[in-house]
Amino acid sequence: MRKGLAGQRLVAVFLTGVLLFNYPVLSLFDRPEPFLGLPMLWIFLFGIWALLLIAVAWIAERGAR
């Protein structure tokens, strides 16, 4: 288990993910209008997922130093 600032950052990323992948926020993007030919909800879900993965990778890489 990571300790210190890296652990706190990972917890913050997790809580941000929990917040963003729940009802009130998801309902904002559940619209029938497509964006670039794709549903807005898909773009939001995969975009946020990619950003969370990048954040976790960045924190893990910096924490290893």
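Look above for the structure.
This section reports on the structure supplied with the text.

So, how was this worked out
Residues numbered from 1 in each chain as written. Predicted model: local features only at pLDDT ≥ 70, side-chain atom pairs only at ≥ 80, totals over all residues. Heavy atoms only, no water. Helix = DSSP H or I, 4+ residues; strand = E, 2+ residues; numbered from the N terminus. Buried < 20%, exposed > 50% of the residue type's maximum accessible area, 1.4 Å probe, protein only. Expected span 1.5 Å × (residues − 1). Contact = heavy atoms within 4.5 Å.

**Quick word on unusual backbone geometry**
Right, so step 1: Of note, the phi angle at Leu-36 is positive, near 60 degrees, even though the residue is not glycine.
Right, so step 2: Its location among the elements puts Leu-36 in the loop between strand E1 (34-35) and strand E2 (38-39).
Right, so step 3: Here Leu-36 falls in the exposed class, since its relative accessible area comes to 75%.

**Structural notes on helix H3 (residues 40-63)**
It helps to recall that an α-helix has 3.6 residues per turn; residues three or four apart then point in one direction.
Right, so step 1: Taking 1.5 Å per residue, 24 residues should reach 34 Å; H3 reaches 34 Å between its end C-alpha atoms and fits that length.
Right, so step 2: Within the sequence span of H3, burial applies to Phe-44, Ile-48, Leu-52 and Ile-59.
Right, so step 3: The inward-facing, buried residues of H3 abut helix H1 (5-20) and helix H2 (23-29).

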